[in-house]
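Summary of structural features
Next come the chains, spelled out residue by residue.
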Amino acid sequence: MVGKVSERVLLREGLERTDNGMKLTTWPDVTPINQKNYYTDYMKRDDQVLALRLQNDATRDKLVQIPLPVPNLADDEDGAATPSNAIDPSRIIVIHPGSQNLRIGFASDALPKTIPTALATKFARTEADMFEALPRRQFEAKTSEQQYGEEWSKKYQKMCADLKIEMRANKRKVLPNSKELVQTFNRRTEPEIIQQHNDPLEVAWTDVKKLKKTNFEAECFIGHEALRVPDDSDPKFKIWWPIQQGWWNEGGYESQEHIYDDFETLLDKALRQELGLRTNSEWQQYSCVFIIPDLYDKKYVEQILHSCMTWFEFSKVCFVQESMAATFGAGYTQACVVDVGAQKTSVTCVEDGLCIEDSRINLKYGGYDMTDTFMKMMLYDHFPYQEINLQKRSDFLLAEELKTKHCTMSQAEISVQLYNFHVRAPNEPTRKYTFKTYDEVILAPMGVFDPSIFDNSTKLRGRRKLIERSYNSYEVDQPDDPTSAAQLAILALVQPSLLSSESQTQEVSTPMKERPAFSFKSDAGANGTPMASHAGSPAPEGSGTPAPFVFGAGKDGSAAGTPVPGAASQPPAGLFVESQERSADSIAAERDAVLPVAPLDIAILTSIQNATKGDEKKLRDLLGSIMVIGGGAKVPQFTVVLEEKLKARRPDLTERILVSRSAKDMDEQVVSWKGASVFAKLPANDSWITPFEFERLGPRTLYHKVLWAW
């Protein structure tokens, strides 16, 4: 041990002290904390979070304002009066945007206003001039097989043969030469020209000259006016669809600012024209309930919130998921909601007013694919109007009309039928065609059970080209868009290698995340609880693992493709070697590159299986409460056929499966909107976001405000 050194020694060594003993700074000394025992409660109490603190203050203010009860007053007979602290429903705007239609209205309205989600702006060329004709075909080809491709032709002919076998098994009369009768008649028919003064249903096309430039409104047409703009107008107009397949239409735009601006312009003009709110100052007096998909992109929701707060300046905004709103509209507490839209189909299990996260499935097909495939099948069978092109506005409206009138899922109506239709194009005389149909009317909507017949070639075009995915706030390379075990099982049907990639996400996920990605190795990931150890362990026996499923034979050897509960697949040795070196970002990119398309009956069983996680009672309850909504499901006998398909997949639960439309005889297209309007009237609703909170926290306020795990 070294003792004290004398000043003489320090002087000899050149280490003598030369200062005057004064401190080098006047800054106060900070006592170091005790490293063995320190604690902080920063951001661990509700009164330290702005959003929660404002809620507590509002609750306290309401308690202060409540008057004491007066005992001598007579009983109020009107028990249905609106509570004093509830919002006036006529001051709440409910917005539900879809791929093809936008529904908007006040919460006090019985039904919303419905307009196409389209804008028409001046452009050098129309969409019919810019893009290839739909349905896609080779016009120069001589035979139908060459025109539509041999692969598609074989699928179509196989579906025709399978339908004949099924109809004979159901004791339906099948004429052997029905197809030839239809093709021969359609090939020979000629149109009848009807002059304008003899056409009682003449279409009123949009007059482009009435479009005037104003200081506060964009120079464009929206909705029905946009689709009625003549293709040969002067100047020319182009139709823009900001949303396609349930997400931003990145393939049809060149910049994300253009997408956002078009979507805001669409809502802006809808508020002015459909709801009568002409001036921007009126919007500040209204609240807004916005319906978003169950399996959403966070960037989409954040952009919607930004638009509502900065562009429209609503007094407050809240978000509700589609399936959750549907159960509110139908009055169900527990249901498996199947929403067949125009270009996407979602399947989600809802329990006690909340979506079960691992049950959410988003499929990229819907009613528009039925329209496109129906016209393709008709053209294959020599449809008399061979020039039809769904890129043209008049032909698109005609195709939608033909599908609505003639498509069905009832085998009893399948026979050679004679129909007629009118082709009404701007500045041309009306042409009346006569045509015959046979099995095309049922095979096109039956494509939801065999989606390979749909044209899926361009549905991923431009994906992530303009708008990148959302990332975790703490791990900048960690994607945090919502995922579900059911959606992964559907993607694994298309690309099985995703299972090996996804199983590694638990290893790379950050501890900061509230909901770690599920793991195939343990039951812990199934209920959202972080695993105690990251070490590999054998898969548990039983049905606790949410995914993957074995899409093979059922319990009793039934049809292939049935999700077998409790059958966790074991990956071969060495499968995870490559995936260990991959980042979470590359795994998410691989997942985005797969188009989620699967038969609807398999998707429903997959969703329910992930929602129940082996609970047999809940499984039976959900199978008995399958609710089908959406415009794409308005095909006659859709629910009956879907129920038969599900019973064929699960014959052991035949007596428990029940598929129904929404309750109260409500239009399937407006169930979600109606449910959101009911949700908006609830007096106790803590999910409203105010401009003050958005100004302070920005999109981070969604974490504290939405009713589900953000």
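Residues numbered from 1 in each chain as written. Predicted model: local features only at pLDDT ≥ 70, side-chain atom pairs only at ≥ 80, totals over all residues. Heavy atoms only, no water.

Per an unreviewed UniProt entry, the chain carries the name Actin-related protein 8 and comes from Akanthomyces muscarius. Listed in UniProt under the heading Sequence similarities (unreviewed entry), the comment for the chain reads: "Belongs to the actin family." (UniProt positions renumbered as here; feature names shortened; annotations may be inferred.)

Turning next to the overall build of the chain. Check the secondary structure of the chain and you find 24 helices and 21 strands. Across the 710 residues in the chain, those meeting the buried criterion constitute 50%. Put simply, of all contacts in the chain between residues at least 6 apart along the chain, 71% involve residues at least 24 apart. Only carbon and sulfur atoms are counted for the fraction: they give 51% of the accessible area of the chain, which is about 35,300 Å². (Helix = DSSP H or I, 4+ residues; strand = E, 2+ residues; numbered from the N terminus. Buried < 20%, exposed > 50% of the residue type's maximum accessible area, 1.4 Å probe, protein only. Contact = heavy atoms within 4.5 Å. Areas by Shrake-Rupley, 256 points an atom, 1.4 Å probe, with all protein chains shown as cover.)

All chains considered together, the criterion is met by 41 salt bridges. Among the salt bridges present, the one from aspartate 268 reaches arginine 272, with a minimum N-O distance of 2.5 Å. With a gap of four residues between them, aspartate 268 and arginine 272 both fall in helix α8 (residues 256-273), about one helical turn apart. The exposure class assigned to aspartate 268 is buried, which follows from its relative accessible area of 6%. On the basis of relative accessible area, arginine 272 is assigned to the buried category, the value being 1%. Among the ionic pairs, aspartate 358 bridges to lysine 613, the shortest N-O distance being 3.6 Å. (Salt bridge = Lys/Arg side-chain N within 4 Å of Asp/Glu carboxyl O.)

Before going further, it helps to spend a moment on the packing of helix α19 (residues 600-612) against helix α20 (residues 616-623). Axis separation between α19 and α20 bottoms out at 9 Å; the angle between their running directions is 145°. Considering how the two elements wind past one another, α19 and α20 form a crossing that is right-handed. Residues Leu605, Ile608, Gln609, Ala611 and Thr612 of α19 pack against Lys618, Leu619, Leu622 and Leu623 of α20. Across the contact of α19 with α20, the residue classes tally to six nonpolar, two polar and one charged. (Axes fitted to C-alpha atoms, helices over the stretch in contact; angles between N-to-C directions. Left-handed = near helix turned anticlockwise from the far one by under 90°. Nonpolar A, V, L, I, M, F, W, Y, C, P; charged D, E, K, R; others polar.)

Inspection of every chain in the model, using the stated rule, returns 28 aromatic pairs. Here tryptophan 248 and tyrosine 260 contribute two aromatic rings whose centre-to-centre distance is 5.4 Å and whose plane-to-plane angle is 65°, an arrangement assigned as edge-to-face. Separated by twelve residues along the polypeptide, tryptophan 248 in strand β9 (residues 247-248) and tyrosine 260 in helix α8 bring together distant segments of the chain. The pair formed by tryptophan 248 and tyrosine 260 is uniform in burial state, with each residue classed as buried. Here the aromatic residues Phe383, Tyr385, Tyr419, Phe421, Tyr433 and Phe435 are joined through ring pairs into a cluster of three or more. A cation sits over an aromatic face here: lysine 316 above tryptophan 688, 5.3 Å from the ring centre. Directly above the aromatic system of phenylalanine 185 lies the positively charged group of lysine 436, at a separation of 4.7 Å from the ring centroid. (Phe/Tyr/Trp six-rings, centres within 6.5 Å; stacked < 30°, edge-to-face > 60°. Lys NZ or Arg CZ within 6 Å of the ring centre and 35° of its normal.)

Let us now look at the pairing of strand β13 (residues 345-351). Counted residue by residue, β13 has six buried out of seven residues, so it is predominantly covered. Note that strand β12 (residues 334-340) and β13 share seven bridges and pair antiparallel. By the bridge assignment for β13, valine 337 is matched with threonine 348. Joining the antiparallel neighbours β12 and β13 is a turn of four residues. Relative to strand β15 (residues 361-363), β13 is paired through three bridges, and the arrangement is antiparallel. Each residue of the ladder has a partner; that of threonine 345, found in β15, is leucine 363. As paired strands, β13 and strand β14 (residues 354-355) are joined by two bridges and run antiparallel to one another. Residue glutamate 351 lies in a different strand from β14, and its bridge partner there is leucine 354. Counting the residues in the hairpin turn of β13 and β14 gives two residues, including aspartate 352, whose phi is positive at 55°. (Pairing = 2+ DSSP bridges.)

For a regular strand, side-chain orientation follows a simple rule: the groups alternate between the two sheet faces. Most of strand β10 (residues 287-292) sits out of view: six of its six residues are buried. Burial along β10 is two-sided: the residues Ser287, Val289 and Ile291 and Cys288, Phe290 and Ile292 are all buried. Across four bridges, strand β1 (residues 92-97) lies against β10 in parallel orientation. Within β10, the residue paired with isoleucine 92 across the bridge is serine 287.

A separate point is helix α13 (residues 393-406). Given 3.6 residues to a turn, an α-helix orients residues that are three or four positions apart in the same direction. With 14 residues, α13 should cover 20 Å at 1.5 Å per step; its first-to-last C-alpha distance of 20 Å lies within 8% of that length. With ten of 14 residues buried, α13 lies mostly within the body of the structure. Of all the residues in α13, the buried ones are Arg393, Ser394, Asp395, Phe396, Leu398, Ala399, Glu400, Leu402, Lys403 and His406. (Expected span 1.5 Å × (residues − 1).)

So, about the nonpolar core. Considering soluble globular proteins, one finds that nonpolar side chains tend to be buried as a cluster. Grouped together as the largest cluster of nonpolar side chains are 88 residues, with contacts concentrated most on Leu600, Ile604 and Phe638. When residues of this core are assigned to their parent elements, the largest contribution, eight residues, is made by helix α12 (residues 367-380). Counting 46 residues, the second largest nonpolar core, distinct from the first, contains Ile243, Tyr260, Val706 and Trp708. (Core = buried A, V, L, I, M, F, W, Y, C linked by side-chain atoms within 4.5 Å.)

Attention shifts here to unusual backbone geometry. Residue proline 135 is reached from leucine 134 by a cis peptide bond, and omega for that bond is -5°. You can see proline 135 is positioned in the loop between α3 (127-130) and α4 (144-148). For lysine 613, which is not a glycine, the phi torsion comes out positive at approximately 55°. Within the element layout of this structure, lysine 613 appears in the loop between α19 and α20.

Taken in spatial order, the three strands line up as β6-β4-β7 in an open sheet, and their pairing is antiparallel. Each having just a single partner strand, β6 (221-222) and β7 (237-240) make up the two edges of the open sheet. Pairing analysis gives four bridges linking strand β4 (residues 119-122) to β7, with the strands arranged antiparallel. Its bridge partner lying in β7, threonine 121 is registered against lysine 238.

So, on to the sheet that holds β1. Strand order in this open sheet of five strands is β3-β2-β1-β10-β11, and the pairing throughout is mixed. One side of each edge strand has no neighbouring strand; the edge strands of this open sheet are β3 (113-116) and β11 (316-321). Geometrically, the sheet is characterised by an average inter-axis angle of 20° between neighbouring strands, direction not taken into account. Contacting β1, β2 (101-106), β3 and β10, α8 runs over the sheet at an angle of about 45° to β2. Helix α11 (residues 322-330) rests against β1, β10 and β11 of the sheet, and its axis sits at about 85° to β11.

Moving on, we come to the packing of α12 against α13. Two packed helices can be described by the angle between their axes and the distance between those axes. Running from N to C, α12 and α13 point in directions that differ by 95°, and their axes come no closer than 9 Å. Taken together, the axes of α12 and α13 lie roughly perpendicular to each other. Here Gly367, Tyr368, Met370, Thr371, Phe374 and Met375 of α12 come into contact with α13, specifically with Phe396, Ala399, Glu400, Leu402, Lys403 and His406. Along the lines of polarity and charge, the residues of the contact of α12 with α13 split into seven nonpolar, three polar and two charged. (Parallel < 35°, antiparallel > 145°, perpendicular 65-115°, else oblique.)

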